Amino acid sequence: MAVSDRGAVVAWDLPTRLFHWTLLALVVSAWVSVEFSEVIGDELLNWHRANGLAIMTLIVWRLLWGIAGSSTSRFSSFLSGPKPAFQYGRDLIAGRAPVYLGHNPLGALMVVAFIIALLLQASFGLFAIDDNDLTGGPLYRLLDRAGNKFATRWHGRVFDGLLLPLIALHITVNLYYAFVKREPLIKAMVSGQKPGGDYADAAAADIPMRPMARALVCLFLAAAIVFGTILGLGGRFT
């Protein structure tokens, strides 16, 4: 179904958009902070660990927002299993895929894949050690040296083998939708709006009252879960 030009409708709430771009900035910052740690004078990787904790907190926030957020952000509105994703992919190849206001079925799988990949990498990072064995993640003292090396190895493998391919695929897909299918996915994640049209999932997003206040409560809970769990396990942040 083609998207019409009937005005504009709300597609994404502000907290979801802030999450998206903040997460992007943190992932880039996390990479820069470890690749250029000596250049920026942070051999102990303090900035890298801070990025990792922020990323983990944001991912937990997204899980909470997937329950308490706007309609297009709630998991119940877009997670539908592999069969609809397969059908959508087949329709996309055939040139008859429906247009979605929020995540289409394949996009929903991408969201799940990103959450899993980031949680895996951040979790391994909690137990990883740096190249000089000078310091490590907040929970590295809970494992022996062999366990630390295992976590460190997989911390890098998840990034190189899973997260980077997902990022490349995500960028490619968004460019395809923007320039080939003429669907403003990137623009919508900035403005929060899409052209009004015959969408397969909803005509417009259902935004709860005081979304920023609700999002801040979820952020507080996410931080309490992440930092409380680490402290409860005997972890240290310095």
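All figures in this text were calculated on a predicted structure; none of them were measured in a lab.

Enquirer: Describe in detail the overall build of the protein, supporting the description with residues and values.
Expert: When you go through the protein residue by residue, the secondary structure sums to 8 helices and 2 strands. Reading the helices (α) and strands (β) of the protein from amino to carboxyl end gives β-α-α-α-α-α-α-α-β-α. Overall, the C-alpha framework of the protein stretches about 60 × 40 × 35 Å when taken along its three principal axes. The burial tally for the protein puts 40% of its 238 residues in the buried class. In the protein, the proportion of contacts linking residues at least 24 apart, taken out of those at least 6 apart, comes to 75%. With the model as given, the accessible surface of the protein reaches about 13,000 Å², and the carbon-plus-sulfur share is 68%. With 20 positive and 16 negative side-chain charges, the protein shows a separation of 8 Å between the mean positions of the two kinds.

Enquirer: Run through unusual backbone geometry, naming residues and quoting values.
Expert: The backbone phi angle of leucine 45 is positive, close to 60°, even though this residue is not glycine. Following the sequence through the fold, leucine 45 ends up in the loop between helix 1 (14-35) and helix 2 (46-68). On the basis of relative accessible area, leucine 45 is assigned to the buried category, the value being 13%.

Enquirer: Go over the environment of glycine 125 with me, naming the residues and quoting the values.
Expert: Structurally, the position occupied by glycine 125 is in helix 5 (residues 105-127). Taking the C-alpha atoms as reference points, glycine 125 and serine 71, separated by 54 residues in sequence, lie 33 Å from one another. If sequence neighbours within four positions are ignored, glycine 125 has contacts with Gly137 and His155.

Enquirer: Please provide a residue-by-residue account of the packing of aromatic side chains, values included.
Expert: Across all of its chains, the model carries 10 aromatic pairs by this definition. Ring geometry for tryptophan 61 versus tryptophan 65: centroids 5.2 Å apart, planes at 15°, classification stacked. Taken together, the residues span about one helical turn, with tryptophan 61 and tryptophan 65 both in helix 2 at a distance of 4 residues. The exposure class of tryptophan 61 is buried, given its relative accessible area of 4%. With centroids separated by 5.3 Å and ring planes inclined at 45°, the aromatic side chains of phenylalanine 227 and phenylalanine 237 adopt a geometry described as tilted. Placement of phenylalanine 227 in helix 8 (residues 211-232) and of phenylalanine 237 in the segment after helix 8 is noted, with a sequence separation of 10 residues between them.

Enquirer: Kindly report on the nonpolar core, identifying the contributing residues and their values.
Expert: The biggest cluster of nonpolar side chains holds 33 residues, and the ones touching the most others in it are Leu23, Ile55, Ile59, Trp61 and Leu118. Contributing elements (two or more residues each) for this core: helix 1, helix 2, helix 3 (75-78), helix 5, helix 6 (145-179) and helix 8. With 9 residues, helix 5 is the largest single contributor of residues to this core. Leave out the neighbours within four places in its chain, and leucine 118 touches Leu23, Val27, Ile55, Ile59 and Leu163. Formed by 8 residues, the second largest nonpolar core is a distinct cluster that contains Val9, Trp12, Leu101 and Met189.

Enquirer: Tell me about the pattern of salt bridges, and name the residues and values.
Expert: As enumerated under the stated definition, the model contains 2 salt bridges in all. In this structure, arginine 96 engages aspartate 91 in a salt bridge whose closest nitrogen and oxygen atoms are separated by 3.3 Å. Judged by relative accessible area, aspartate 91 falls into the buried class, the value being 11%. Residue lysine 181 pairs with glutamate 183 through a salt bridge whose shortest N-O separation is 3.9 Å. By relative accessible area, lysine 181 is classed as partly exposed at 26%.

Enquirer: Run through the packing of helix 1 against helix 8, naming residues and quoting values.
Expert: As a packed pair, helix 1 and helix 8 sit with axes 9 Å apart at the nearest point and diverge in direction by 50°. Considering their axes alone, helix 1 and helix 8 lie oblique with respect to each other. Within the contact between the two elements, helix 1 uses Leu14, Pro15 and Leu18 and helix 8 uses Pro211, Met212 and Ala215. Residues of the contact of helix 1 with helix 8, tallied by class, amount to 6 nonpolar, no polar and no charged.

Rules of the game
Residues numbered from 1 in each chain as written. Predicted model: local features only at pLDDT ≥ 70, side-chain atom pairs only at ≥ 80, totals over all residues. Heavy atoms only, no water. Helix = DSSP H or I, 4+ residues; strand = E, 2+ residues; numbered from the N terminus. Buried < 20%, exposed > 50% of the residue type's maximum accessible area, 1.4 Å probe, protein only. Contact = heavy atoms within 4.5 Å. Areas by Shrake-Rupley, 256 points an atom, 1.4 Å probe, with all protein chains shown as cover. Lys, Arg positive; Asp, Glu negative; His and termini not counted. Charge placed at Lys NZ, Arg CZ, Asp CG, Glu CD. Phe/Tyr/Trp six-rings, centres within 6.5 Å; stacked < 30°, edge-to-face > 60°. Core = buried A, V, L, I, M, F, W, Y, C linked by side-chain atoms within 4.5 Å. Salt bridge = Lys/Arg side-chain N within 4 Å of Asp/Glu carboxyl O. Axes fitted to C-alpha atoms, helices over the stretch in contact; angles between N-to-C directions. Parallel < 35°, antiparallel > 145°, perpendicular 65-115°, else oblique. Nonpolar A, V, L, I, M, F, W, Y, C, P; charged D, E, K, R; others polar.

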